There are 2 protein chains.
Amino acid sequence: MIARLDEEERALALRDLPEWTPVQEPEGIRRLFIFKDFVGAFGFMTKVALLAERADHHPEWSNVYNRVDITLTTHDAGGLSRRDIDLATQIDAIYS
Amino acid sequence: MIARLDEEERALALRDLPEWTPVQEPEGIRRLFIFKDFVGAFGFMTKVALLAERADHHPEWSNVYNRVDITLTTHDAGGLSRRDIDLATQIDAIYS
């Protein structure tokens, strides 16, 4: 069972993820990624998909041409968990 | 310049795409695809991405674990065009 982060843990974790915005319903974090074109966007999504599958933790995401909108939340925890923070950190590393 | 289908063309084309639902804003068509798991869903998305790139016509789509929600519309035409019908037909072929 993975635990939902409490307010303090959450604030601390998000300090290192300045590009991610906290969202509600579901409680989680969200970031928009922009690329040159669809090939850039879908190439990025493929890398994220492999990481997500390895972590057995999957994003809620959408794509329109060169834009990828990702929300991370942990349904089993009823909110934001360490898994989301870890996946967001890996996604940022791919993007940078 | 690609033309928006008129009402008659649209009705005729959609007869062969019974699983797709007409939507407005943007005018287009939409279908939800369900798979066993994320690997199934993302494998399908990868095939669709390759077809879309080849056709230079891209879906608006979202994915949550085993579900893929696809909307097709042609911005340049201001609505549904032959390109959407062709891509939907190819997507159905992949899914079946």
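Residues numbered from 1 in each chain as written. Chains lettered and ligands numbered in written order. Predicted model: local features only at pLDDT ≥ 70, side-chain atom pairs only at ≥ 80, totals over all residues. Heavy atoms only, no water.

The test is simple: UniProt positions are given in the numbering used here, feature names are shortened, and annotations may be inferred rather than shown by experiment.
As recorded by an unreviewed UniProt entry, chain A carries the name Putative pterin-4-alpha-carbinolamine dehydratase and is attributed to Sphingobium chungbukense. According to the UniProt record, the Sequence similarities (unreviewed entry) comment for chain A reads "Belongs to the pterin-4-alpha-carbinolamine dehydratase family." As recorded by UniProt, the Catalytic activity (unreviewed entry) comment attached to chain A reads in full: "(4aS,6R)-4a-hydroxy-L-erythro-5,6,7,8-tetrahydrobiopterin = (6R)-L-erythro-6,7-dihydrobiopterin + H2O".

Remarks on the relation of the copies chain B and chain A
This is how it is decided: Alignment of copies: least-squares fit on C-alpha atoms of residues with pLDDT of at least 70 in both copies. Contacts are assigned to residue pairs with any non-hydrogen atoms lying within 4.5 Å of each other.
When chain B is fitted onto chain A, the two copies agree to an RMSD of 0.0 Å after a turn of 180° and an axial shift of 0.0 Å. Viewed as a symmetry operation, the transformation between the two copies matches a two-fold axis. Every residue of chain B has its C-alpha some distance from the rotation axis, and the shortest such distance is that of B:Ser62, at 1.9 Å. Mapped onto chain A, 100% of the interface residues of chain B again fall at the interface, so both copies present the same surface.

Focus: the side chain of A:Glu60
Counted only if it meets this: Helix and strand labels come from DSSP, where a helix needs a run of H or I of at least four residues and a strand needs a run of E of at least two; each type is numbered from the N terminus. Partly exposed residues are those whose accessible area sits between 20% and 50% of the maximum for their type, while under 20% is buried and over 50% is exposed, using a 1.4 Å probe and protein chains only. Positive charges come from Lys and Arg, negative ones from Asp and Glu, while His and the chain ends are left out of the count. The rule for a salt bridge is simple: a side-chain nitrogen of Lys or Arg has to be within 4 Å of a carboxyl oxygen of Asp or Glu. Residues adjacent in sequence count toward polar contacts only when both atoms are side-chain atoms; beyond that, a polar contact is any pair of N or O atoms within 3.5 Å, and within protein one must be able to donate a hydrogen and the other to accept it.
Mapping A:Glu60 onto the fold places it in strand 3 (residues 60-64). Buried within the structure, A:Glu60 lacks any salt-bridge partner; A:Arg30 is the closest side chain of opposite charge, at an N-O distance of 9.4 Å. At 2.9 Å, the side chain of A:Glu60 forms a polar contact with the side chain of A:His75. Other than its neighbours up to four places away in sequence, A:Glu60 contacts A:Pro26, A:Asp69, A:Ile70, A:Thr71, A:Thr73, A:His75, B:Asn63 and B:Val64.

Considerations on unusual backbone geometry
Cis geometry is found at the peptide bond from A:Glu25 to A:Pro26, where omega equals -5°. One non-glycine residue, B:Glu25, lies in the positive phi region at around 50°. As for its placement among the helices and strands, B:Glu25 is situated in the loop between strand 1 (21-23) and strand 2 (28-34). Phi is positive for B:Tyr65, which is not a glycine, with a value near 50°. As for its position among the elements, B:Tyr65 is in the loop between strand 3 (60-64) and strand 4 (67-72). With a relative accessible area of 37%, B:Tyr65 lands in the partly exposed category.

Digging into the interface of chain B and chain A
Condition: Buried area is calculated as the accessible area (1.4 Å probe) missing from two parts once they are joined, with the contributions of both summed.
Of the residues lining the interface, 15 residues belong to chain B; the matching set on chain A comes to 15 residues. Interface of chain B and chain A: buried area, both sides summed, is about 1300 Å²; carbon and sulfur atoms make up 73% of it. When the buried area of chain B at its contact with chain A is split by residue, B:Phe38, B:Phe42 and B:Trp61 rank highest and sum to 38% of it. Summed over the shared surface of chain B and chain A, the result is 0 salt bridges. Applying the counting rule to chain B against chain A returns 2 residue pairs in polar contact (both at pLDDT 80 or more). Where the side of chain B that touches chain A is concerned, the elements lending two or more residues are helix 2 (38-55) and strand 3 of chain B.

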